[in-house]
Amino acid sequence: MSRGAGKAASLHDEDALGKVYDGRLMRRLLRYVVPYRGMAAGAVALILLSSVLQLIGPLITAVALDLFIQPLESTEQAAISTWIADSMAGAGWSPTPMEGLVALAVVWGAAVLASFVVLYAQGYVMQLMGQRIMFDLRRDVFSHLQRLPVRFFDRQPVGRLVTRATSDVESLNELFTAGLVSVFGDIALLFGIVAVLFALDWRLALVSFAILPALVVLTAWFKTRARRSYREIRVRLARINAFLQEHIGGMSIVQLFGRERRSRDEFSEINAAHRAAHVRAIRYYAVYFPAVELVTACGLALIVWYGGGQILRGTLSIGALVAFLQYAQRFYQPLADLSEKYNILQAAMASSERIFQLLDGKTEIESPSDAFRPEGVRGEIELDHVDFSYIEGEPVLRDVSLRLAPGETVAVVGHTGAGKSTLANLLLRFYDVDAGAVRVDGVDVRRWDLDRLRRSIAMVLQDVFLFSGDLA
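Residues numbered from 1 in each chain as written. Predicted model: local features only at pLDDT ≥ 70, side-chain atom pairs only at ≥ 80, totals over all residues. Heavy atoms only, no water.

### Some thoughts on the overall build of the protein chain
Scanning the protein chain from N- to C-terminus turns up 16 helices and four strands. Whereas a compact globule of 472 residues would reach a radius of gyration of roughly 23 Å, the protein chain reaches 33 Å, over 25% beyond that. Looking at the 472 residues of the protein chain, the share that counts as buried comes to 42%. Sequence-distant contacts in the protein chain: of pairs separated by 6 or more residues, those separated by 24 or more amount to 80%. Counting every atom, the protein chain has about 26100 Å² of accessible surface; 61% of that belongs to carbon and sulfur. Distance from the positive charge centre (49 side chains) to the negative charge centre (48 side chains) of the protein chain: 4 Å. (Helix = DSSP H or I, 4+ residues; strand = E, 2+ residues; numbered from the N terminus. Rg over C-alpha atoms; globule rule 2.2 N^0.38 Å. Buried < 20%, exposed > 50% of the residue type's maximum accessible area, 1.4 Å probe, protein only. Contact = heavy atoms within 4.5 Å. Areas by Shrake-Rupley, 256 points an atom, 1.4 Å probe, with all protein chains shown as cover. Lys, Arg positive; Asp, Glu negative; His and termini not counted. Charge placed at Lys NZ, Arg CZ, Asp CG, Glu CD.)

Have a look at this one:
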């Protein structure tokens, strides 16, 4: 790495990530959910209903095969098929095979339609809730940034702060829309499938779960490496944002000193590190998901082998075996999804840690509770033996005293870095003095209401900053 790139990297390094799950951070995040707890409860209810609807299809398949396509004796049928047959007999309905298949098709179609409606409502409610939470969070972040002292922005690259309000907040959006609430659906679906499998045939159910240790080991391997790669990606992204902000903002200086090639090379190194971090993450995903498919295929093969033997021995129906295969596929998928939810949780914990670290930053300079708010301002300014330093141990002003009477015009001149702008910053209380006092109309600026003080002083800077928009 070049010397310049090394300095840029050290300046824009992120703090190390904390724990994978932090209960304190999660409680703070959930406070943003409280105003929308009705929507959250509705989303959970819809997810649970969707999980129940997903259990219907394989059961209908088992009933259709056992009762109408290849009718079996009651002792050979799946338990659900026997129950359906008894219910029809109790109701006095003895349908022909075609009538039974039509009825089952109608029930399945209704379940699919209901599932569509539920999934649509679930997605809409979750996305709406997530966007409202993100709106509140971004508003709080921006409002807090406006209250932070100027000294804070001297130490923080703007690109890093932009990352907090954009990509970090977006990571939390994924938690609320695709992670936190939908976990209930995955867990409910898993428990539902386990219950149905054991009800169909407990021996075949145990065979189906034989691959779980392999899935657990594979998932643990993936989680560890995905977390490490995610850490690195977040660090590299913040460096890119900070470097771009700094060099785009100072483009005139870059061009003035002919540093285009040097800056391009430095950015290429930072950009390449970000790409390499993503490639490593892609490699883990490329290994994990095909491996899950392979293990899942082995599980299905075990079901076919053992279940086929039971069919040949007359202890299991074809309908039950087909239902087992369908349920097994649906059972393994939520396990893989839970691993993905883990990554979303990891991203959210890392982002929330940084966001709340920003929100916990002390404003330091605030109006006192009994702030001075005069109706009129005369314009008397006094500096009384003022000492000040931006960095501790490196004083900028030493024992500076002066007094300006109302209506008096005074010019302060000096070389660059002599402290001219610092006097204006202290007068507007962007910083507080280390010693002495700055007074306006005889009152220490630390006793003034900040808004009243700054509205009473007109400041025209040498370097003008223009906001987008018209003059109005």
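After that view, the rundown keeps rolling.
### Topic: the packing of aromatic side chains
Taken as a whole and judged by the stated rule, the model has 16 aromatic pairs. Centre to centre, the rings of F198 and F209 are 5.8 Å apart; their planes meet at 45°, and the pair counts as tilted. Of this pair, F198 sits in helix α9 (residues 182–200) while F209 sits in the loop between α10 (202–208) and α11 (212–249), and the two are 11 residues apart along the sequence. A residue is classified by how much of its surface remains accessible, and F198, at 36% relative accessible area, is partly exposed. Within the aromatic cluster, the residues linked to one another by ring pairs are F222, Y285, Y288 and F289. (Phe/Tyr/Trp six-rings, centres within 6.5 Å; stacked < 30°, edge-to-face > 60°.)

### Topic: the pairing of strand β3 (residues 435–440)
Across five bridges, the pairing between strand β1 (residues 381–388) and β3 is antiparallel. Its bridge partner being in β3, L383 is matched across the sheet by V438. Across two bridges, β3 lies against strand β4 (residues 443–444) in antiparallel orientation. Bridging from a neighbouring strand, R439 pairs with D444 of β4. Counted between consecutive antiparallel strands, the loop separating β3 from β4 contains two residues, among which D441 sits at a positive phi close to 55°. (Pairing = 2+ DSSP bridges.)

### Details of the sheet that holds β1
With antiparallel pairing, four strands are arranged side by side in an open sheet as β2-β1-β3-β4. Both edges of this open sheet fall to β2 (397–404) and β4, since each of them pairs with a single strand only. Sitting on the sheet, helix α15 (residues 420–427) touches β1, β2 and β3, and the angle it makes with β1 is about 115°. (Axes fitted to C-alpha atoms, helices over the stretch in contact; angles between N-to-C directions.)

### Examining a nonpolar patch on the surface
Taken together, the side chains of M98, V102 and V106 make up a nonpolar region of the molecular surface, amounting to roughly 300 Å² of accessible area. Given the relative accessible area of 54%, V106 is considered exposed. (Patch = residues over 30% accessible without salt bridge, like charges linked within 9 Å, V, L, I, M, F, W, Y side chains within 5 Å. Salt bridge = Lys/Arg side-chain N within 4 Å of Asp/Glu carboxyl O.)

### Observations regarding unusual backbone geometry
Among all residues save glycine, negative phi is the norm, and among peptide bonds the norm is trans. Phi angles above zero are rare outside glycine, and H385 is one such case at about 50°. Its place among the elements puts H385 in strand β1. Positive phi outside glycine occurs at R429, with the angle close to 60°. Turning to its location among the elements, R429 is positioned in the loop between α15 and β3. Overall, R429 belongs to the buried group, its relative accessible area being 5%.

### Topic: the nonpolar core
L29, I133 and L172 are the most contacted members of the largest nonpolar core, which totals 37 residues. Secondary structure elements with two or more residues in this core: α2 (23–31), α3 (37–54), α6 (97–147), α8 (158–179) and α14 (318–359). No other element matches α6, which puts nine residues into this core. In this structure, L172 is in contact with L29, M134, L137, A348, S351, S352 and I355, ignoring residues within four places of it in sequence. Core analysis: the next-biggest nonpolar cluster, separate from the first, contains 33 residues, A62, V207, A226 and A323 among them. (Core = buried A, V, L, I, M, F, W, Y, C linked by side-chain atoms within 4.5 Å.)

### A look at the pattern of salt bridges
Within the structure shown, the criterion is met by 18 salt bridges. In this structure, D360 and R28 form a salt bridge, with 2.9 Å as the shortest nitrogen-oxygen distance. Taken together, the residues D360 in the loop between α14 and β1 and R28 in helix α2 connect sequence positions 332 residues apart. Ionic pairing is found between D451 and R455, a salt bridge with its closest N-O pair at 3.1 Å. Here D451 pairs with R455, and both are found in helix α16 (residues 450–455), just four residues apart, close to one helical turn. For R455, a relative accessible area of 68% puts it in the exposed group. Linked by salt bridges that have partners in common, D136, R139 and D140 make up one network.

### As for the packing of α3 against helix α4 (residues 56–69)
Remark: α3 packs on α4, axes separated minimally by 5 Å, with the N-to-C direction vectors making an angle of 20°. With respect to α4, the element α3 is oriented roughly parallel. In contact with V52, L53 and Q54 of α3, α4 contributes I56, G57 and P58. Split into classes, the residues belonging to the contact of α3 with α4 amount to four nonpolar, two polar and no charged. (Parallel < 35°, antiparallel > 145°, perpendicular 65-115°, else oblique. Nonpolar A, V, L, I, M, F, W, Y, C, P; charged D, E, K, R; others polar.)

### Notes on the confidence of the model for the protein chain
Mean pLDDT over the protein chain: 81, with 91% of residues reaching 70 or higher. Contacts for the low-pLDDT stretch residues 1–13, under 50 throughout, to residues beyond four places or in other chains number 24 contacts. (pLDDT = per-residue confidence, 0-100.)

### With respect to α9
Here α9 is 19 residues long and its end C-alpha atoms lie 27 Å apart, about the 27 Å a rise of 1.5 Å per residue gives. Among the residues of α9, S182, G185, D186, L189, L190, G192, I193, V196, L197 and L200 are the ones counted as buried. (Expected span 1.5 Å × (residues − 1).)

### Focus: the environment of L55
For L55, the position within the fold is in the loop between α3 and α4. The spatial distance from the C-alpha of L55 to the C-alpha of P95 is 24 Å, given a sequence separation of 40 residues. Those residues in contact with L55 that sit more than four places away from it in its chain are L189, G192, I193 and Y327.

### What about the side chain of R236?
Tracing the backbone shows R236 in helix α11. Take R236: its relative accessible area is 18%, and that puts it in the buried class. If near-sequence neighbours (up to four positions away) are discounted, R236 is found in contact with A273, H274 and A277.

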